[in-house]
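Take a look at the letters that make up each chain.
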Amino acid sequence: MSATASAEITSAVLSVPAATPAEAAAHYAARLAFEADVSDVHADLATGAPGVVVVDTRSDAGWDQGRIPGALHIPTARIAELAPQLIDPAQTVVTYCWGPGCNGATRAALAFADLGYQVKELLGGFEYWVREGFAYDSATGVEQRPVDDLTAPRSGVLCAC
């Protein structure tokens, strides 16, 4: 390619310049303060790590269809009423809903924050819990699907990312 041809090519990625390293560090640190992924939540639940309570914010039908083992069921509309009765304010709440196409977990996280709770949103929600091959409870018992290799290593070994 000639120098003239390369000068005509523009980058779609760089059409908006990247943030400075300091701005990027602040942004990514903030994201981690607001979000948790299913592998980390699974690890905490499996080890009984203290300080975290997982809350399913979906309807009764969603809860019956499948839920993360150990999660509390508090539909978003009932958080203000039930959270003070069920959750110690010293706990960090992790909210989840259906999946990345649903903002129910975000709405629930806002409701918990408005009540004074520390809160994080579960990235990927119930969908990614299931897609990563973790067992889940349903109205008919414990269920588990194979790992979706578009979301996790086929081997089931943690990706260590």
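Higher on the page you've got the structure.
Rules used throughout
- Residues numbered from 1 in each chain as written.
- Predicted model: local features only at pLDDT ≥ 70, side-chain atom pairs only at ≥ 80, totals over all residues.
- Heavy atoms only, no water.
- Phe/Tyr/Trp six-rings, centres within 6.5 Å; stacked < 30°, edge-to-face > 60°.
- Buried < 20%, exposed > 50% of the residue type's maximum accessible area, 1.4 Å probe, protein only.
- Lys NZ or Arg CZ within 6 Å of the ring centre and 35° of its normal.
- Core = buried A, V, L, I, M, F, W, Y, C linked by side-chain atoms within 4.5 Å.
- Helix = DSSP H or I, 4+ residues; strand = E, 2+ residues; numbered from the N terminus.
- Contact = heavy atoms within 4.5 Å.
- Pairing = 2+ DSSP bridges.
- Right-handed = clockwise from strand over helix to strand, strands pointing away.
- Salt bridge = Lys/Arg side-chain N within 4 Å of Asp/Glu carboxyl O.
- Axes fitted to C-alpha atoms, helices over the stretch in contact; angles between N-to-C directions.

1. A few points about the packing of aromatic side chains
Okay, so step 1: By the definition in use, this model includes four aromatic pairs.
Okay, so step 2: Here the aromatic rings of Phe112 and Tyr117 are separated by 5.4 Å at their centres, their planes lie at 85°, and the arrangement is edge-to-face.
Okay, so step 3: When the centroid spacing of 5.0 Å and the interplanar angle of 50° are considered together, the rings of Trp129 and Phe134 count as tilted. Each of the two residues, Trp129 as well as Phe134, counts as buried.
Okay, so step 4: One residue, Arg58, lies across the ring of Trp98, its end atom 4.4 Å from the ring centre.

2. Digging into the nonpolar core
Note on soluble globular proteins: their nonpolar side chains tend to be buried together.
Okay, so step 1: One finds Val41, Val54, Ile68, Ala71, Tyr96, Leu122 and Trp129 to be the most contacted residues of the largest nonpolar core, which totals 15 residues.
Okay, so step 2: Taken together, the elements giving at least two residues each to this core come down to α3 (38-47), β4 (92-96) and α7 (125-131).
Okay, so step 3: Of all the elements, α7 adds the most residues to this core, at three residues.
Okay, so step 4: When residues no more than four places from it in sequence are discounted, the contact partners of Ile68 are Leu45, Val54, Tyr96, Leu122, Phe126 and Trp129.
Okay, so step 5: Grouped together as the second largest cluster of nonpolar side chains are 13 residues, Ile79, Leu82, Val93 and Tyr117 included.

3. Points about the pairing of β4
Okay, so step 1: Of all five residues making up β4, five are buried, and the element is well covered by its neighbours.
Okay, so step 2: Of the two faces of β4, the one lined by Thr92, Val94 and Tyr96 and the one lined by Val93 and Thr95 are each fully buried.
Okay, so step 3: Bridge count between strand β2 (residues 52-56) and β4: five bridges; the pairing is parallel. Within the sheet, the bridge partner assigned to Val54 lies in β4 and is Val94.
Okay, so step 4: In this fold, the crossover linking β4 to strand β5 (residues 118-122) by way of helix α6 (residues 104-114) has right-handed handedness.

4. Some thoughts on the pattern of salt bridges
Okay, so step 1: Under the defined criterion, the tally for this structure stands at five salt bridges.
Okay, so step 2: The salt bridge involving Glu35 is made with Arg31; its shortest N-O contact spans 3.4 Å.
Okay, so step 3: Among the residues examined, Glu35 registers a relative accessible area of 22% and is labelled partly exposed.
Okay, so step 4: Looking at Arg31, the relative accessible area reads 38%, which means it is partly exposed.
Okay, so step 5: Of the charged contacts in the structure, one is a salt bridge between Asp56 and Arg58, with a shortest N-O distance of 2.6 Å.

5. Description of the sheet that holds strand β3 (residues 72-73)
Okay, so step 1: Pairing is parallel in the open sheet, where five strands are placed in the order β1-β5-β4-β2-β3. The two strands at the open ends of the sheet, each matched to only one other strand, are β1 (35-36) and β3.
Okay, so step 2: The strands that helix α2 (residues 21-34) touches are β1 and β5; relative to β5, the one it contacts most, it runs at about 95°.
Okay, so step 3: Its contacts with the sheet place α3 against β1, β2, β4 and β5, and it is angled at close to 120° to β2.

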